[in-house]
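Notes for the structure review
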Amino acid sequence: NIGEGLPPAIVMSNVAAAAVGAKAIAATSSDPRFPVSNVLDGEAKTCWITTGLFPQEFLIAFPDTVSIARIRTQTRNVKSMAVEYCDQRQPTSFNKLYGPVEVEDASTGLQIESQQFRETKCRYLKIKILSGYSDFAVVYTIEAEGNYVCGT
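Residues numbered from 1 in each chain as written. Predicted model: local features only at pLDDT ≥ 70, side-chain atom pairs only at ≥ 80, totals over all residues. Heavy atoms only, no water.

Considerations on the packing of aromatic side chains
Counted by the stated rule, this structure contains two aromatic pairs. Across the ring face of Phe94, the terminal group of Lys126 is positioned such that the distance to the ring centre comes to 4.3 Å. (Phe/Tyr/Trp six-rings, centres within 6.5 Å; stacked < 30°, edge-to-face > 60°. Lys NZ or Arg CZ within 6 Å of the ring centre and 35° of its normal.)

Written out as structure tokens, the structure is:
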């Protein structure tokens, strides 16, 4: 039989969704009409908008340790971004996950970016918008493909 003797495939899901307990806990800019929590709500029509100067960043907290292997973003006017992670109980020191990456200026306005990397365990992600194509950048969604780690 095909696949006989192989371990079962591990299905990864979006662990950076508010529905599974992820929270956007801090941001460098704030507008009550466009709170940073919008990036995790799964709605394509909601967003977080920066307030003009760069860099800008926001912090995502997971309710427990996760192991992630890919991050997908939907943005507008983001020119360069980087992602850092923290695997400690408190978000005190971060390591580079990837970046900076240049994000292509999309003619439709919507930029869809996907970065795959070796599986990394973390409790926090810091998303850094390093530069933009305009004074304001928009983040619609962020997805972190992975799984919760048992026994952490």
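Here we look at the pairing of strand 5 (residues 78-86)
Extensive coverage of strand 5 is indicated by the burial of eight of its nine residues. Of the strand pairs in this sheet, strand 5 and strand 7 (residues 111-132) are connected by eight bridges, and their pairing is antiparallel. By the bridge assignment for strand 7, Tyr85 is matched with Leu125. One ladder, built from five bridges, connects strand 5 with strand 6 (residues 95-102); its direction is antiparallel. Its bridge partner being in strand 6, Met81 is matched across the sheet by Val101. (Buried < 20%, exposed > 50% of the residue type's maximum accessible area, 1.4 Å probe, protein only. Helix = DSSP H or I, 4+ residues; strand = E, 2+ residues; numbered from the N terminus. Pairing = 2+ DSSP bridges.)

Brief notes about the environment of Lys96
Of note, Lys96 is situated in strand 6. Residue Lys96 is classed as exposed on the basis of its relative accessible area, which comes to 59%. The spatial distance from the C-alpha of Lys96 to the C-alpha of Cys86 is 9.1 Å, given a sequence separation of 10 residues. A polar contact of 2.8 Å, which involves the side chain of Lys96, links it to the backbone oxygen of Gly99. (Polar contact = N/O pair within 3.5 Å; in protein donor to acceptor, adjacent residues only side chain to side chain.)

A look at the pairing of strand 4 (residues 56-76)
Each regular strand displays side chains that alternate between the two surfaces of the sheet. Bridge count for strand 2 (residues 23-27) against strand 4 is four bridges, and the pairing is antiparallel. Looking at strand 4, one finds that Ala27 is bridged to Phe58. Examined bridge by bridge, strand 4 and strand 8 (residues 138-148) share 10 bridges and lie antiparallel to one another. Opposite Arg72, over in strand 8, you have Glu143 as the bridge partner.

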